[in-house]
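Coordinates in review
Listed below, chain by chain, are the residues.
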Amino acid sequence: MSDAAEQIPLSGPELGEREEELVLDVLRSGRLSLGPMGERFERAFAEFLGVDDAVAVSSGTAALHLGVRQLGWGPGDEVLTSPFTFVASSNCLLYEGAKPVFVDVDPVTLNIDVEAAAAAVTEKTVGLLPIDIFGWPAAWPELEALAERHGLGVLQDSCEALGAIDSEGRMVGTRGNFSTFAFYANKQMTTGEGGMIVPTDPDAAARLRSERNQGRAIDMGWLDHDRLGFNYRLSDVAAAIGLAQVEKLPRLLEKRAAVAAAYGERLAVAPRIAAPMAARGNEVRSWFVYVVRLADEVDRDAVILRLRERGIDSKSYLPSVHLFPHIAALGYREGQFPIAEAASAQSLALPFFPQMTEEQIERVCTELAAAVDATRRGPR
Ligand SMILES: Cc1ncc(COP(=O)(O)O)c(C=O)c1O
């Protein structure tokens, strides 16, 4: 990297005075957990989504784990899910002894292929755990119909898709099954670490609030516990950041969309680089990451190294989870899900955050085009 070149990171949260103000309110109140800020955050989040209630937890993984428990999935149960995802969605099944059964993804959306899922249903199948990968909405109406046909539960991993719109024009996470969101620092909104689960009804909400708090029933005293629970509480300091972020979420989403559009314009004509789609019919992506697909003749890992030398962070995104040792041990092997595996081999996440400048975007695109050209295999 030349001395003058500024490092362009992969992601970065946009935090400001409102976050500082609300965090300070919490610190001055002395109510650092289970205080009013947590409730304010939950209400504001539910309002943004247009649902009755939402339960804040310590991470997206915690939200998924509680969802698996609410659906009663456990030993002997099989749940259909996507191999092209972050490992948390499969891990949360393993926590409860349920088996993730993978089906390949749609080559365009990279979300679970509905026909493949329908073909994979057996008498052991109890549920679906689809993911809205990279903020693109899964085929929710079709998945819902499939679940209904076979009496399956649905746990929605929308951890990457807050604000996405599905093919029926509905905001992702509002369909009446358990849906989950995550607030790690690279997400559309952040609490540092944190997550949210949208319950199906008030009883489920009460159970979730109990299980995130060591199984304490809402109307019981501090040290009375009537079920197994966890410490999945979100601190009020984190909730304060979350409230400030929800307040400005529409603007954050707009800024992300504008950065994506600027990338899209520049990459539309770039050889051997396929840019992600923003919308199709009613479907609208919520921009979490900006992941391009490089042509097969391009050495993706060499591109990453070359970009790093020039001060630009990028990442292979995502490995297929069925090949991780603890999951492959269930009987999975390379070659089983060719569409997911091909995406894993050639996908590349570029720097992407709401405050990215035109100059930064331009520099990434110029360096990317040069890296792709320099590292492609075969005759020139
Ligand atoms: C698809 C998906 N599922 C689950 C999670 C888990 O969220 P967290 O890291 O907050 O536990 C993430 C976030 O990283 C994710 O991208």
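For the structure given in this document, a descriptive report is provided here.

Thresholds, definitions, all that
- The residue numbering used here restarts from 1 in each chain and proceeds along that chain's sequence as written.
- pLDDT decides what is reported in this predicted model: residues at 70 or higher carry local features, side-chain atom pairs at 80 or more are listed and counted, and totals for whole chains, interfaces and linings draw on all residues regardless.
- Hydrogens and waters are ignored; side-chain quantities use all the structure's heavy atoms.
- Criterion used throughout: strands pair if DSSP finds at least two bridges between them.
- Each helix is a run of DSSP H or I of at least 4 residues and each strand a run of E of at least 2, with the numbering of both proceeding from the N terminus.
- Note on definitions: a residue-residue contact is assigned when non-hydrogen atoms from the two residues lie within 4.5 Å.
- Lines are fitted to the C-alpha atoms to define the axes, a helix being fitted only along its stretch in contact, and any angle between axes, read from their N-to-C directions, falls within 0 to 180 degrees.
- Throughout, exposure labels follow a simple rule: accessible area from a 1.4 Å probe, protein chains only, divided by the maximum for the residue type, with under 20% read as buried, over 50% as exposed, and the rest as partly exposed.
- Nearness of a residue to a molecule or strand requires only that one of the residue's heavy atoms be within 4 Å of it.
- For the purposes of these results, a polar contact is taken to be a pair of N or O atoms within 3.5 Å, where, inside protein, one atom must be able to donate a hydrogen and its partner to accept one; residues adjacent in sequence count only when each atom of the pair is a side-chain atom.
- Per-residue and other accessible areas follow the Shrake-Rupley method at a 1.4 Å probe size, with only the shown protein chains counted as cover for residues.
- The residue classification treats Ala, Val, Leu, Ile, Met, Phe, Trp, Tyr, Cys and Pro as nonpolar and Asp, Glu, Lys and Arg as charged. All others, Gly included, are polar.
- With respect to orientation, any angle under 35 degrees is reported as roughly parallel, any angle over 145 as roughly antiparallel, any angle of 65 to 115 as roughly perpendicular, and every other angle as oblique.
- In this scheme, a crossing is called left-handed if the near helix is turned counterclockwise away from the far one by less than a right angle; it is called right-handed if the turn is clockwise.

Overall, antiparallel pairing links the four strands, which are arranged S8-S11-S13-S12 in an open sheet. Of all strands in the sheet, those bounded by a partner on one side alone are strand S8 (273-274) and strand S12 (315-316). In this sheet, strand S13 (residues 347-350) lies alongside strand S11 (residues 290-294) in antiparallel orientation, the contact comprising four bridges. In the strand pairing of S13, Val292 is matched with Leu348. Against the sheet, helix H9 (residues 249-267) engages S8, S11 and S13, with an angle of about 20° to S11. Sheet strands touched by helix H10 (residues 300-309): S11, S12 and S13. Its angle to S13, the strand with the most contacts, is close to 20°.

With an omega dihedral of -5°, the bond running from Tyr317 to Leu318 counts as a cis peptide bond. Among the structural elements, Leu318 can be located in the loop between S12 and helix H11 (325-328). Positioned with a positive phi, Leu34 is a non-glycine residue whose angle comes to about 55°. Counting through the fold element by element, Leu34 comes out in the loop between helix H1 (17-29) and helix H2 (36-49). Backbone geometry places Gln214, a non-glycine residue, at a positive phi of 60°. Its place among the elements puts Gln214 in the loop between helix H7 (202-211) and helix H8 (236-247). Exposure remark for Gln214: the relative accessible area of 37% places this residue in the partly exposed category.

Turning to the environment of Ala258, a few remarks are in order. As for its placement among the helices and strands, Ala258 is situated in helix H9. On a C-alpha basis, the gap between Ala258 and Trp287 in space is 9.6 Å, while along the polypeptide they are 29 residues apart.

Turning our attention to the site of the ligand. Taken together, 14 residues sit near the ligand, with Gly60, Thr61, Asp157, Glu160 and Lys187 positioned nearest. A distance of 2.8 Å separates an oxygen atom of the ligand from a polar backbone atom of Gly60. Between the ligand and Asp157, the relevant distance is 2.7 Å, taken from a nitrogen atom to a side-chain nitrogen or oxygen of the residue. Here the ligand loses 91% of its free accessible area of 390 Å² to cover by the protein chains. Ranked by residue count, the leading element in the shell around the ligand is helix H3 (residues 60-70), at three residues. Grouping the amino acids of the shell around the ligand by side-chain chemistry returns six nonpolar, five polar and three charged.

Take the packing of H1 against H8 next. One can describe the packing of H1 onto H8 by two numbers: an axis separation of 8 Å at closest approach and a directional angle of 150°. Judged by the angle between their axes, H1 and H8 are roughly antiparallel. Of the two elements, H1 crosses H8, and the hand of that crossing is right-handed. Contact residues: H1 offers Arg18, Glu19, Leu22, Val23, Val26 and Leu27, while H8 offers Asp236, Val237, Ala240, Ile241, Leu243, Ala244, Gln245 and Glu247. Broken down by class, the residue content of the contact of H1 with H8 amounts to nine nonpolar, one polar and four charged.

Without other data, these values stay purely geometric and don't point to any function.
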